[in-house]
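Notes for the structure review
Each chain is listed here by its residues.
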Amino acid sequence: ISAWRLGFAPNAWTALSDALSKKGVTEAELVRLGLSGRRKESSGVYDKLRGRVIFPIRVPGGHIAGFGARRADWIGEAGEDRGPKYLNSPESPVYDKSAIFYGLDRARDPIRRARKAILVEGYLDVIGVHQAGVELAIATCGTAISGRHVAQLQRLAEEVITLYDGDAAGLQATRRAAELLLATGLSVRVASLPDGEDPDTFARKYGPEGLNALLEKAPSAIDHAVEGAIARNAGGGVAGNVKIVEEIRPLLAAVKDPMKRDLYTEGAARRIGIDPRILLQHLRR
């Protein structure tokens, strides 16, 4: 709590607005930063992040750009509509979500030393992985990974391991991240969590040893995609092979280095059980 400067927003309509107004922050500034909203039926403002655990989002250098807020389900009336599980302060003059990683203020130097970064999905996932002694974890702030995120990683690391949830949304995020990262020449591996686990719960349950073992055995993003496509289309014959090729083609095409791309393509073809020349020709077209 101290290291990550976690906080709490009381379940009150104006607690934050009142506290900050006493420090000279104007209503217009609060609204512009997305911490307050203007009342519709009367004058004044109300707090947008109420009854929530607060995660300050710091940029390297220590300045706070924005906030993540997790709903505190243990307060309030039963059945009360408390809004979504997570809320983020909106983009503002100081908070550009397409260029900020949660946790990078603490992970930047370890990532530089290791030349490796670990991408997770949520604030608690970042904190949980760091508490397990792996200080390479970062996450985007409630948005998909962007080209600007990838450009930052390219300057810091040579390899990125994705450690996303295994549900449909996590698999989609894994695929998007892999395509963007491979296109820059970064090496990408995919660590798969057991069913029902996320990085935070896994790190707390299995500790540093279990987490490091999971990361070390993570296959390349290409191998992970090939095995997943084969499993989803098993027994489909020629039509199944066509679907497998269509699934993995964007990832293969994203690989920047021509030699690596050809080697990955040949290996994928042999794993699928088709002539590598067919897949190579298809990819080059």
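Here, the structure is the one placed above.
Described in the following lines is the structure provided in the data block. Every value quoted in this text rests on a predicted model; they were computed, and no experiment measured them. (Residues numbered from 1 in each chain as written. Predicted model: local features only at pLDDT ≥ 70, side-chain atom pairs only at ≥ 80, totals over all residues. Heavy atoms only, no water.)

1. Quick look at the packing of aromatic side chains
- Tallying each qualifying case throughout the model produces 6 aromatic pairs.
- When the centroid spacing of 6.1 Å and the interplanar angle of 70 degrees are considered together, the rings of Trp13 and Tyr46 count as edge-to-face. Note that Trp13 is positioned in the loop between strand 1 (7-9) and helix 1 (15-21) and Tyr46 in strand 3 (residues 45-47), a separation of 33 residues in sequence.
- Where Tyr102 meets Tyr123, the ring centres are 4.8 Å apart and the plane angle is 75 degrees; that geometry is what we call edge-to-face. Residue Tyr102 is found in strand 7 (residues 101-102), and its partner Tyr123 is found in helix 4 (residues 123-131); the two are separated by 21 residues along the sequence. Take Tyr102 and Tyr123: they sit in the same class, and that class is buried.
- One aromatic cluster is present, formed by Trp4, Phe55, Tyr86, Tyr102 and Tyr123 through successive ring pairs.
- Cation over ring: Arg50 sits above Trp13, and NZ or CZ is 3.8 Å from the ring centre.
- Sitting over the face of the ring of Trp4, Arg106 holds its NZ or CZ atom 5.1 Å from the ring centroid. (Phe/Tyr/Trp six-rings, centres within 6.5 Å; stacked < 30°, edge-to-face > 60°. Helix = DSSP H or I, 4+ residues; strand = E, 2+ residues; numbered from the N terminus. Buried < 20%, exposed > 50% of the residue type's maximum accessible area, 1.4 Å probe, protein only. Lys NZ or Arg CZ within 6 Å of the ring centre and 35° of its normal.)

2. Here we look at the sheet that holds strand 4 (residues 52-58)
- Taken in spatial order, the 4 strands of this open sheet run 1-4-5-6, and their pairing is antiparallel. Looking at strand neighbours, the two that pair on one side only are strand 1 and strand 6 (86-88), the edges of this open sheet. Taking each pair of neighbouring strands and ignoring which way they run, the sheet shows an average axis angle of 30 degrees.
- Bridging between strand 4 and strand 5 (residues 64-71) involves 7 bridges; their strand directions are antiparallel. Bridge pairing in strand 5 links Phe55 to Gly68.
- Contacting strand 4, strand 5 and strand 6, helix 4 crosses the sheet at an angle of about 70 degrees to strand 4. (Pairing = 2+ DSSP bridges. Axes fitted to C-alpha atoms, helices over the stretch in contact; angles between N-to-C directions. Contact = heavy atoms within 4.5 Å.)

3. Quick notes on helix 3 (residues 104-114)
- Turning to helix 3, its buried residues number three or more, namely Leu104, Ala107, Pro110 and Ile111. End-on view of helix 3: buried residues confined to an arc of 135 degrees, all on one side of the axis.
- After helix 3 finishes, the residue Arg115 shows a positive phi value of roughly 60 degrees. (Arc of directions from axis to C-beta.)

4. Points about the sheet that holds strand 8 (residues 116-120)
- Reading across from one edge, 7-9-8-10-11 is the order of the 5 strands in this open sheet, with mixed pairing throughout. Sheet topology places strand 7 and strand 11 (187-190) at the edges, where each strand pairs with a single neighbour.
- Bridge count between strand 7 and strand 9 (residues 137-140): 2 bridges; the pairing is antiparallel. Note on strand 9: the bridge partner recorded for Tyr102 is Ala139.
- Against the sheet, helix 3 makes contact with strand 7, strand 8 and strand 9, and its axis sits at roughly 125 degrees relative to strand 9, the strand it touches most.

5. Points about the pairing of strand 9
- Of the two faces of strand 9, the one lined by Ala137 and Ala139 and the one lined by Ile138 and Thr140 are each fully buried.
- Pairing of strand 8 with strand 9, which is carried by 3 bridges, proceeds in the parallel orientation. In the strand pairing of strand 9, Leu119 is matched with Ile138.
- Handedness of the crossover joining strand 8 and strand 9 through helix 4 is recorded here as right-handed. (Right-handed = clockwise from strand over helix to strand, strands pointing away.)

6. Observations regarding the packing of helix 8 (residues 221-232) against helix 10 (residues 258-272)
- Relative orientation of the contacting elements helix 8 and helix 10 amounts to 25 degrees, with a least axis distance of 11 Å. Relative to helix 10, the element helix 8 is oriented roughly parallel. Note that helix 8 runs across helix 10; the crossing there is right-handed. Across from Ile222, Val226, Glu227 and Ile230 in helix 8, the residues of helix 10 making contact are Tyr264, Ala268, Arg271 and Ile272.
- Residues belonging to the contact of helix 8 with helix 10 are distributed by class as follows: 6 nonpolar, no polar and 2 charged. (Parallel < 35°, antiparallel > 145°, perpendicular 65-115°, else oblique. Left-handed = near helix turned anticlockwise from the far one by under 90°. Nonpolar A, V, L, I, M, F, W, Y, C, P; charged D, E, K, R; others polar.)

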